[in-house]
Amino acid sequence: MNVPVIEAHALSKTFGMTRALAGVDLAIGRGESVAIMGASGSGKTTLLHVLAGITAPDAGSVVFRPAEGAPIEVTALGESARSRLRRERFGFVFQQGLLIPELTAVENVALASMINGVRRRDAVPHAASWLAALGLAGMEERRIGELSGGQAQRVAIARAQATGAELVFADEPTGALDSQTSSEVMDALLWSTTGQGRTLVVVTHDPDVAARCTRTIAVRDGRITPSAVAA
């Protein structure tokens, strides 16, 4: 593995009486695509959320090493600083996309850049170029309800890339799609991340999705299992 882009040490997290993470150590190299698999309740989504700074762990540390600048200890940041990190450095693709239905496809993608201070007149053409690259040329003005599930997920992928995110987190990005559309969405996700030298971390139940990643991490009872590494 090359120098890790993100590294976790001794992560623990408890929700009530449930221990979601029980001392997890993990390093993910720049340019890797890593699948996190496990049964419902295994802790895989909690692990993704802690790595991404969405959820703070009870103990342990997460360090993000950007391509430029000093390492950032995610777990040492306050909520506002973590929010800024997620907004500026990370990209996200969720199962349902979490797109804004009142906005058009291009507006959904451009919004990610505009929140970071990019002017609309610059953000919109940039967003349109990402939509075109992902096979959605001509659909820029469609609202989300006018797109298929696979098309909407590609809008979400474009949004995740519009800010130049070095690290993209995807939580069951193909979970609501049929097998053919799932394959097409993974094509787009891998091309836009590792295909551009970026890093992808994806939580999935689908072994076909995991098989397309460079490495699989298996999580059980809040721990990474000994059989976790699959190159």
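Look above for the structure.
Residues numbered from 1 in each chain as written. Predicted model: local features only at pLDDT ≥ 70, side-chain atom pairs only at ≥ 80, totals over all residues. Heavy atoms only, no water.

*Asks:* Can you walk me through the sheet that holds strand β1 (residues 4-15) in this structure?
*Replies:* Pairing is antiparallel across the open sheet formed by four strands, whose spatial order is β2-β1-β4-β5. Of all the strands in the sheet, the pair left with one neighbour each is β2 (18-29) and β5 (72-73). Sheet topology note: the β1/β2 ladder contains nine bridges and is antiparallel. Following the sheet pairing, alanine 8 is matched in β2 by leucine 26. Sheet strands in contact with helix α1 (residues 44-51) are β1, β2 and β4 (59-64), and its direction is about 55° off that of β2. (Pairing = 2+ DSSP bridges. Helix = DSSP H or I, 4+ residues; strand = E, 2+ residues; numbered from the N terminus. Contact = heavy atoms within 4.5 Å. Axes fitted to C-alpha atoms, helices over the stretch in contact; angles between N-to-C directions.)

*Asks:* Quick question: what am I supposed to make of the pattern of salt bridges here?
*Replies:* Oppositely charged side chains may form a pair once their charged atoms are brought near each other. Across all of its chains, the model carries 11 salt bridges by this definition. Arginine 84 is the partner of glutamate 88 in a salt bridge, and the nearest nitrogen-oxygen pair spans 3.1 Å. Of the two residues, glutamate 88 and arginine 84 are both situated in helix α2 (residues 79-89); the distance of four residues between them amounts to about one turn of the helix. Since its relative accessible area comes to 30%, glutamate 88 is described here as partly exposed. Across the salt bridge formed by arginine 120 and glutamate 107, the nearest N and O atoms sit 3.5 Å from each other. Of this pair, arginine 120 sits in helix α4 (residues 120-133) while glutamate 107 is found in helix α3 (residues 105-115), placing the two residues 13 residues apart along the sequence. Within this structure, Arg30, Arg89 and Glu166 form a network of salt bridges that share partners. (Salt bridge = Lys/Arg side-chain N within 4 Å of Asp/Glu carboxyl O. Buried < 20%, exposed > 50% of the residue type's maximum accessible area, 1.4 Å probe, protein only.)

*Asks:* Can you help me understand helix α5 (residues 149-162) in this one?
*Replies:* Compared with the 20 Å implied by 1.5 Å per residue over 14 residues, the 20 Å span of α5 between its first and last C-alpha is a close match. Across the 14 residues that make up α5, a large majority, 13, are buried. (Expected span 1.5 Å × (residues − 1).)

*Asks:* Help me understand α4, please; the structure alone is not making it clear to me.
*Replies:* Given 3.6 residues to a turn, an α-helix orients residues that are three or four positions apart in the same direction. Taking 1.5 Å of rise per residue, 14 residues should cover 20 Å, and α4 covers 20 Å from first to last C-alpha, within 8% of that figure. Every buried residue of α4 is accounted for by Ala123, Ala127, Trp130 and Leu131. With its buried residues spanning 100° around the axis, α4 presents them on a single face. Positive phi appears at glycine 135, one or two residues downstream of α4, with a value of about 85°. (Arc of directions from axis to C-beta.)

*Asks:* Please clarify how the sheet that holds strand β6 (residues 90-94) should be interpreted in this entry.
*Replies:* To summarise the sheet geometry, strands pair through backbone hydrogen bonds and adopt either a parallel or an antiparallel arrangement. Sheet architecture is open: six strands sit in the order β6-β7-β8-β3-β9-β10, paired in mixed fashion. Each edge of the sheet is formed by a strand with only one pairing partner; in this case those strands are β6 and β10 (223-224). Judged from the four bridges that link them, strand β3 (residues 33-37) and strand β9 (residues 215-220) form a sheet pairing that is parallel. Among the inter-strand pairings, valine 34 is bridged to a residue of β9, identified as arginine 215. Docked against the sheet, α2 engages β6 and β7 (167-171), running at close to 80° with respect to β6.

*Asks:* Even after reading the chapter, I still don't get unusual backbone geometry, so can you show me in this structure?
*Replies:* Backbone geometry follows two general trends: most residues other than glycine have a negative phi, and most peptide bonds adopt the trans configuration. A positive phi angle is found at alanine 10, which is not glycine, with a value near 50°. As for its position among the elements, alanine 10 is in strand β1. In this structure alanine 10 comes out as partly exposed when scored by relative accessible area, which is 40%. Even without being a glycine, glutamate 172 presents a positive backbone phi close to 50°. The topology assignment puts glutamate 172 in the loop between β7 and α6 (179-192). The buried category is assigned to glutamate 172, whose relative accessible area is 12%.

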